[in-house]
Amino acid sequence: MCGIVGYIGHREAYPIVLKGLKRLEYRGYDSTGVAIIQDGDLQVHKKKGKVVELEEAVVGKNMHSTICIGHTRWATHGEPSDRNAHPHLSNNGRLAMLHNGIIENYAQIKQELTNKGYTFKSDTDTEVLLNFIQDIQDNNKSTLEEALRIALKRIVGAYCILLIDQDDPETIIAARKGSPLVIGIGKGEHFLASDASPIIEYTKEVLGNEKQTPFIQKLDMELAAIEKGGYEHFMLKEIFEQPDTIFDCLRGRLLHEQQQIVMAGVDNHIEALTKASRILIVACGTSWHAGLVAEYMIEELCRIPVEVEYASEFRYRNPVIHAGDVIIAISQSGETADTLVALESAKEKGAFIFGVVNAVGSSIARLSHAGAYTHAGPEIGVASTKAFTGQLAVLTMMALKMAKAKGSISDERYSHLVNELASVPKKVKEILADTSKIESIAQQYKGASDFLYLGRGYNFPIALEGALKLKEITYIHAEGYPAAEMKHGPIALVDENLPVVFVATKDMYYDKVVSNIQEIKARKGQVIAVATLGDTVLPTMSDNIMFVPDIDEVIAPLLSVIPLQLLSYYVGTYKGIDVDKPRNLAKSVTVE
Ligand code: G6P
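Residues numbered from 1 in each chain as written. Predicted model: local features only at pLDDT ≥ 70, side-chain atom pairs only at ≥ 80, totals over all residues. Heavy atoms only, no water.

Caption draft 1: The arrangement of the environment of Val-591 in detail. Positionally, Val-591 belongs in the segment after helix 21 (557-574). What makes Val-591 buried here is its relative accessible area of 10%. Taking C-alpha positions, Val-591 is 10.0 Å from Ile-103, a pair spaced 488 residues apart along the chain. The contacts of Val-591, once residues within four sequence positions are left out, are Met-1, Trp-74, Thr-76, Gly-101, Ile-102 and Ala-337. (Helix = DSSP H or I, 4+ residues; strand = E, 2+ residues; numbered from the N terminus. Buried < 20%, exposed > 50% of the residue type's maximum accessible area, 1.4 Å probe, protein only. Contact = heavy atoms within 4.5 Å.)

Caption draft 2: Fine view of the sheet that holds strand 6 (residues 95-103). Spatially, 5-6-7-8 is the arrangement adopted by the four strands of the open sheet, whose pairing is antiparallel. Both edges of this open sheet fall to strand 5 (88-89) and strand 8 (173-177), since each of them pairs with a single strand only. Pairing geometry for strand 7 (residues 157-165) and strand 8, over four bridges, is antiparallel. Its bridge partner lying in strand 8, Leu-163 is registered against Ile-173. Against the sheet, helix 4 (residues 125-140) touches strand 5, strand 6 and strand 7, its axis set at about 125° to strand 6. (Pairing = 2+ DSSP bridges. Axes fitted to C-alpha atoms, helices over the stretch in contact; angles between N-to-C directions.)

Caption draft 3: Representation of the packing of helix 14 (residues 386-406) against helix 15 (residues 411-422) within the structure. Viewed as axis vectors pointing N to C, helix 14 and helix 15 meet at an angle of 165°, and their least axial separation amounts to 11 Å. Taken together, the axis directions place helix 14 and helix 15 in an arrangement best described as roughly antiparallel. You can see that helix 14 and helix 15 cross each other, and the crossing is left-handed. Facing helix 14, whose interface residues are Ala-393, Thr-396, Met-397, Leu-400 and Lys-404, helix 15 presents Asp-411, Tyr-414, Leu-417, Val-418 and Leu-421. Looking at the contact of helix 14 with helix 15 residue by residue, the classes come out as seven nonpolar, one polar and two charged. (Parallel < 35°, antiparallel > 145°, perpendicular 65-115°, else oblique. Left-handed = near helix turned anticlockwise from the far one by under 90°. Nonpolar A, V, L, I, M, F, W, Y, C, P; charged D, E, K, R; others polar.)

Caption draft 4: Expanded view of the site of the ligand. Around the ligand sit 13 residues, and of these Ser-287, Ser-331, Gln-332, Ser-333 and Thr-336 come closest. The backbone of Gln-332 places a nitrogen or oxygen atom 2.7 Å from an oxygen atom of the ligand. Here Ala-586 contributes a backbone N or O atom positioned 2.9 Å from an oxygen atom of the ligand. The fraction of the free accessible surface of the ligand (380 Å²) that becomes covered by protein chains is 91%. At three residues, the largest contribution of residues to the shell around the ligand is made by helix 10 (residues 285-302). A breakdown of the residues in the shell around the ligand according to their chemical character gives four nonpolar, eight polar and one charged. (Near = heavy atom within 4 Å. Polar contact = N/O pair within 3.5 Å; in protein donor to acceptor, adjacent residues only side chain to side chain. Areas by Shrake-Rupley, 256 points an atom, 1.4 Å probe, with all protein chains shown as cover.)

Caption draft 5: Region of interest: the packing of aromatic side chains. All chains considered together, the criterion is met by nine aromatic pairs. Stacked on the ring of Tyr-316, the Lys or Arg Arg-315 has its end atom at 4.8 Å from the ring centre. For the cation-ring pair, Lys-404 lies above Tyr-414, with the distance from its terminal atom to the ring centre recorded as 4.6 Å. (Phe/Tyr/Trp six-rings, centres within 6.5 Å; stacked < 30°, edge-to-face > 60°. Lys NZ or Arg CZ within 6 Å of the ring centre and 35° of its normal.)

Caption draft 6: Summary view of the domain arrangement of the protein chain. Each assigned domain of the protein chain is listed here: domain 1 (3-226), domain 2 (229-422) and domain 3 (433-581). Here the C-alpha centroids of domain 2 and domain 3 sit 25 Å apart. Counting residues at the interface gives 35 residues for domain 2 and 28 residues for domain 3. Both faces combined, the contact of domain 2 with domain 3 buries some 2,600 Å², and carbon together with sulfur accounts for 69% of it. (Domains from an automatic or database assignment. Buried area = accessible area lost by both parts, 1.4 Å probe.)

Caption draft 7: Structural view of unusual backbone geometry. Across the junction of His-86 and Pro-87, the peptide omega takes the value 0°, indicating a cis bond. Mapped onto the fold, Pro-87 is located in the loop between strand 4 (67-73) and strand 5. Phi is positive for His-375, close to 55°, though the residue is something other than glycine. Residue His-375 is classed as partly exposed on the basis of its relative accessible area of 38%. A positive phi angle, near 70°, is found at Lys-524, a position not held by glycine. Positionally, Lys-524 belongs in the loop between helix 19 (510-521) and strand 23 (526-532).

Caption draft 8: Summary view of the packing of helix 10 against helix 18 (residues 460-474). Put simply, helix 10 and helix 18 touch, their axes get as near as 9 Å, and they point 170° apart. Our classification of the angle between helix 10 and helix 18 gives roughly antiparallel. Note on element contacts: helix 18 touches helix 10 through Phe-460, Pro-461, Ile-462, Leu-464, Glu-465, Leu-468 and Lys-469, opposite Gly-285, Thr-286, Trp-288, His-289, Leu-292, Val-293 and Tyr-296.

Caption draft 9: Representation of the nonpolar core within the structure. Ranked by internal contacts, the top residues of the largest apolar core, which has 94 residues, are Ile-279, Ile-298, Ile-328, Met-398, Phe-451 and Tyr-453. It is helix 14 that contributes the most residues to this core, 11 residues altogether. When residues of this core are assigned to domains, at least three map to each of domain 2 (229-422) and domain 3 (433-581). If near-sequence neighbours (up to four positions away) are discounted, Ile-279 is found in contact with Leu-273, Ile-298, Ile-304, Pro-305, Val-306, Glu-307, Val-326, Ile-328 and Met-402. (Core = buried A, V, L, I, M, F, W, Y, C linked by side-chain atoms within 4.5 Å.)

Caption draft 10: Region of interest: the sheet that holds strand 18 (residues 352-357). Strand order in the open sheet formed by five strands is 16-15-17-18-19, with parallel pairing between adjacent strands. A single partner strand is all that each edge strand has here, and the edge strands are strand 16 (306-310) and strand 19 (370-373). Taken over all neighbouring pairs, the strand axes of this sheet differ in orientation by 20° on average, direction set aside. Bridge analysis of strand 18 against strand 19 gives four bridges, and the strand direction is parallel. Bridging across to strand 19, Val-356 finds its partner in Ala-372. Packed on one face of the sheet, helix 10 meets strand 15 (279-283), strand 16 and strand 17 (326-331) and runs near 175° to strand 16.

Caption draft 11: Focus on helix 16 (residues 424-433). Residues Val-424, Pro-425, Lys-427, Val-428, Ile-431 and Leu-432 constitute the buried set of helix 16. All buried residues of helix 16 lie within an arc of 165° about the axis, which places them on one face of the element. Across helix 16 from its buried face, at more than 90 degrees, point the exposed residues Lys-426, Lys-429 and Ala-433. Packing partners of the buried residues in helix 16 comprise helix 6 (234-240), helix 7 (242-250), helix 15, strand 24 (544-548) and helix 21. (Arc of directions from axis to C-beta.)

Structure follows, in structure tokens:
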């Protein structure tokens, strides 16, 4: 989604902003632009395409300035094009503005401005807001800041905007509501960005802006964490980081020797969590799949009914929420607009919100009453990998802790699962030690036009996640289904050209999944199985096999997802796709 960077201070501003925009590329975008002020002259350069295309287009131009704002756009109003790229200029040519978010009532304001003679060069809601600000400033003879404040009172929607005035090269005006903005404070200089990644190499002091009175907080992030570190893609780096990120997530919480789980967010609210008559899980995308796994775990271990909701649907169907209902919100970015608004309305109705979030200090983290961070570090690849396993690790610890407190798990089972969970980082490392088989499977099937992913029980959400990963970064159509349910539809698709991925590790459904595999083989489908190491049956009936170490079925998703992430990664790279930034997708979906 749109990325924003701004700099004002004593250095050359354009190179800082350009570098920052590159750091935000992972969010997904389709066009780029910057604005600078030189001796009272406001200059805007913008271009459809990648940041480097803008960089090339301005080579040779005088870009000297100590103030610059820049933007990567992810189209919402109007196609990706040079004219729709931000920043936009006001009709009087004096103001430049860029924006992340959506102005929902822009059409009405545009009509009013058109009636007054304003013209628009773009199809964007942003240009409408900017001219609205100009109009207020001209009519009220107010300062720009006042005009902006008045304009924003009329605005329905979410936004983060940066606004500059050619007559005031000492000021960038920023405003946000529902869209993220980090303000970094240097010595005589300020950095503004949609997340901390463009800022951390200059300063670690950022303005916490969730309170009326701003305060300074320290950023806990290292530059190396957002660079590729020798891997060809961020996605591959992030897949290979998982033994460490899962370990970091468990560290200090899963006290293996003492057979204890310490999570302050859960401990402090254990009553609310365990006494809940039901738990609602709200999320989008990959995080929603983590929610499905949690549903199986919490229902089995804690005996509390769980409903897993797509945030976008939950919000708008006027759900029944009672005071004291527990909502677990799962989000990597902590900024997903649908999840955020769903939580805001549930919170108003008195629900208790527990956030499982990766991005520290993000909007969802701040909105939650309590929570547990996944500690996976910055995830740059658009397709989520390490954040997903981080979510699973946190949710497993939560379920175990709640079950123990509730007395719904035997001591023996609890301690077995604690031991199994502790073994995950090592076992993930084992899977990653040799990827040659997965690479050759990817090579073999990269030309397929469709894939089916099947699994049962805890592996059903993993089938969904495997199919999503494939769609996202290979552009191959893929469907995930409960393995038995495939008889009610998808089986009609099976022929010798259809690769069917079975997530078929040893669990209580294993024999039934074996029968499902035979049903596919009887129709000449190509079977690729994720199987437990040592399984001698599946190799006899599968065309290809990817092994994972043996583990309890509750924890199995943490392992069985890894080969599926790699399979998608290799198919995507063999097809020449930019797997870190697949077309049309955004890392952080900050519009509803
Ligand atoms: C986008 C990303 C997905 C992610 C989803 C939810 O679609 O591309 O990878 O799963 O948003 O994002 P969240 O940050 O809330 O987990």
